[in-house]
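If you want the building blocks of each chain, they are given just below.
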Amino acid sequence: MIHTAGWIGVLTVILSAIKVNDTNLYSASINIIGFLEMLTGKRFNYTAITLLIGLLGTLLSLSGVLDAFIPFLMALGLIFPPIAGVILVDYYILRTSRHHLERSRKLGKLPNDVSMPITHSVTIISCALGSTVGVYLKYGIPSVNSIFAAGIGY
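Keep in mind that this is a model prediction, so the values were computed, not measured.

Q: I'd love a proper account of the side chain of D90, names of residues and values included.
A: With respect to the helices, strands and loops of the structure, D90 is situated in helix α4 (residues 81-94). Since its relative accessible area comes to 9%, D90 is described here as buried. A distance of 3.1 Å separates polar atoms of two side chains, one belonging to D90 and the other to Y154.

Next comes the structure, spelled out in structure tokens:
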């Protein structure tokens, strides 16, 4: 007796993986071609770029790049959250940039004033402190710890 339900399930999983990868390759190709055309002002062959990106992605997956992907995402989860801590403290507690933001809101534009505190060295040191606390403090959620540490440091 042949169990067709099992084979149908396997075929469904394989075909869905192919479709997801096809969609990812399509969106990557469109975005990269758009970026290259904007950067250079030249037109590119969509087929050649898509094949090149597909080949590059296949080679990267065969090389084991995914083994380093989770640690990379973990590092990003500790580097970027402290920025939110600094922004929250600056906006809600210290209010040092409030007048810049209100003036730009009235004009309907983004602020372009370089004297905003987000560029000061204290901000960078606070973010580095928050990331360090997130890495080394083994209690709680590391990204939340890094947000609080950066906010307190700022």
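Q: I'd like to hear about the packing of α4 against helix α6 (residues 121-136), residue by residue, with values.
A: Put simply, α4 and α6 touch, their axes get as near as 8 Å, and they point 130° apart. Considered as vectors, α4 and α6 are oriented oblique to each other. Considering only the axes of α4 and α6, their crossing is right-handed. Mapping the contact onto sequence places P82, I83 and V86 in α4 and T123, S126, C127, G130 and S131 in α6. Of the residues in the contact of α4 with α6, the class split is four nonpolar, four polar and no charged.

What counts, and where the lines are drawn
Residues numbered from 1 in each chain as written. Predicted model: local features only at pLDDT ≥ 70, side-chain atom pairs only at ≥ 80, totals over all residues. Heavy atoms only, no water. Helix = DSSP H or I, 4+ residues; strand = E, 2+ residues; numbered from the N terminus. Buried < 20%, exposed > 50% of the residue type's maximum accessible area, 1.4 Å probe, protein only. Polar contact = N/O pair within 3.5 Å; in protein donor to acceptor, adjacent residues only side chain to side chain. Axes fitted to C-alpha atoms, helices over the stretch in contact; angles between N-to-C directions. Parallel < 35°, antiparallel > 145°, perpendicular 65-115°, else oblique. Left-handed = near helix turned anticlockwise from the far one by under 90°. Contact = heavy atoms within 4.5 Å. Nonpolar A, V, L, I, M, F, W, Y, C, P; charged D, E, K, R; others polar.

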